[in-house]
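Structural overview
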Amino acid sequence: MGRLSAALKTLLAAQFLPRVVQAAANTEGPSATLHYRPLNGDSLREMAQRRIHHGSGTFSNPMGIPRDGRFWQVLSWKLFHKNAYGDFLDDQPISPVAIDWEPVKAHRGVSVTFIKHSTVLIKDVDRVLLIDPVFNDIFWFIKDYSPLAFNPESMPRPDHVLITHGHYDHLDHRSLATLDPGTHVISPLGYDREFKAVGMTHRTQLDWFERYRDGAREITFLPANHWTMRNPIIGPNRSLWGGYLIKTAGGPTIYISGDSAYFDGFEQLAADYDIDLAIFNMGAYAPRWFMAPSHMNPAETVQAFQEIKARQLMIAHWGTFQLGDEPVHFPPADLEKALGEKGLLRQWIPLGHGETYFF
C-alpha cells in the first residue's frame, strides 16, 4: 500500500507541479537563480492585450520559466527525496471546520470567511462570492486535515463562484455539484468541458484584465505566475489560470492571488489598483528547488505583499492537503516569522479555517 500510495502521489504531482524543475539558489525570497522570467519593464496589461499568453490550443506563461517533460524529477522528489520536515509530519492536526453562518448572513457590509484550503467566501452586502470551492477530499490517497463539520447547504447561497484555475484542489466536480447548477460561474478561458460535466452553464469566461460587473461591484481577472493541468495525457495549459481583483459594492477592494509563484509584476498591480486586503495562496512551498516555480514561500509572500501595497494580508492554500513537504499547519507560523522580520505583523489578519473577518 505504501508503494502504491507513493506512485499515485507521483502521478498527482505531475498535475499540481511544474513540468520542469529549476533549482533555486537559496530558500528565502526570490532566488539569485531566478525561478521566474523577469518582465524587464514590460507591462502586464500590454502583454495581455497582445495576447502573448495565447498559443495554438494552449496557453503559455510569459512570467514562467521554460518547461519540458522532466517527469523523472517529479518521480525523484516523491520517491527518493528526504523530507526536511519529516520529524513533524506525524504532528499534523486534523481540525474539523465548524462555522456559525448566522453572523455572516446578518452582516450588512463585507466579510471574508476562510473555509478550508483555498476556499473563501466573500459576503458583499447583498451578494455572495465563493472562491475555488472544495468541500471534501480530492483523492483518496491525500488526507483531508480540515474536514467540514457543517453541511455546505447551510452556508450563504453563492451568487457568483470564482475559479482561479483547473488543478484538482481548486476546481472540484463533487463540490461544484453540491451548488445550484444555475449559479453564475466566473472562470478563466477554456473550462467548458469541466462546467458542462456538472451542469453549470451560466458562465462568464475572462481573459487576463477582462472584467465582469454586477451592479456596483467589479471583478477583474489578473495574471499569475502559474500553470494548470487536469489530464497529463492531454498535457498542461489547455486552459488559463490567474487571480482576481474584486472591487466590492460594500467598499473594500480585495485581491485574490490564486496559485502563483513569485514574479516581478506586483508593483504594476499596485500602480493600477488600491487594495485593502490581499489574500495570497501560500502553501506547498517546500522543497524550494521544486516548488519555487509554482508557489511562493513566506519570504516571497511578504515581498509580494509589500510590492502590491495592500493594507492587510491574509493567506489561504494551507491546512488541508499536504501537497508539499511542509506540514499543513506550518505556513501561518512561518509567515508570522517572516512578517515579524519586516515589522509587518500588524497588517496580518491571521484567519484560521472557519473564521470570518468583518470589515
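Refer to the preceding data block for the structure.
Here's a quick rundown of the structure. What you are looking at is a predicted structure, and each value in this text was computed from that prediction instead of being measured. As a convention, each chain's residues are numbered from 1 in the sequence order in which they are written. In keeping with the model being predicted, local features are shown solely for residues with a pLDDT of at least 70 and side-chain atom pairs are shown and tallied solely at 80 or more, while totals for entire chains, interfaces and linings include all residues. No hydrogens and no water enter the side-chain calculation; it runs on all heavy atoms of the structure.

**Let's talk about the pattern of salt bridges**
What counts as a salt bridge is simple: a side-chain nitrogen of Lys or Arg found within 4 Å of a carboxyl oxygen of Asp or Glu. Under the criterion given, the structure shown has 19 salt bridges. Its salt-bridge partner being R288, residue E300 comes within 2.5 Å of it at the nearest N-O pair. Here the residue E300 occupies a position in helix α9 (residues 298-308), and R288 occupies one in helix α8 (residues 288-291), the gap between them amounting to twelve residues. Here the two residues E300 and R288 agree in accessibility, since each one is buried. Residues joined in a network through salt bridges with shared partners are D124, D126, R127, D214 and R217. We count a stretch as a helix when DSSP gives it H or I for four or more residues in a row; a strand needs E for two or more, and each element gets its number in order from the N terminus. Only protein chains enter the calculation, and the probe is 1.4 Å; a residue is then buried if its accessible area is under 20% of its type maximum, exposed if over 50%, and partly exposed in between.

**Things to note about the sheet that holds strand β4 (residues 160-162)**
Each strand in a sheet pairs with another by means of backbone hydrogen bonds, the pair being arranged parallel or else antiparallel. Reading across from one edge, β6-β5-β4-β3-β2-β1-β13 is the order of the seven strands in this open sheet, with mixed pairing throughout. Sheet topology places β6 (203-206) and β13 (355-358) at the edges, where each strand pairs with a single neighbour. Going from strand to strand, the sheet's axes swing by 20° on average, the running direction of each strand aside. Here four bridges tie strand β5 (residues 184-188) to β6, and the two strands are oriented parallel to one another. Whether two strands pair depends on DSSP finding at least two bridges between them. Axes, fitted as lines to C-alpha atoms, cover a helix only where it is in contact. Angles between the N-to-C directions of the axes lie from 0 to 180 degrees.

**What about the pairing of strand β9 (residues 243-247)?**
Counting buried positions over the five residues of β9 gives four, a clear majority of the element. Two strands pair when backbone bridges link them, and β9 and strand β10 (residues 253-256) are joined in this way by four bridges, in the antiparallel orientation. Following the sheet pairing, I246 is matched in β10 by I254. Between β9 and β10, which pair antiparallel one after the other, the connecting turn spans five residues, and G251 there sits at a positive phi close to 130°.

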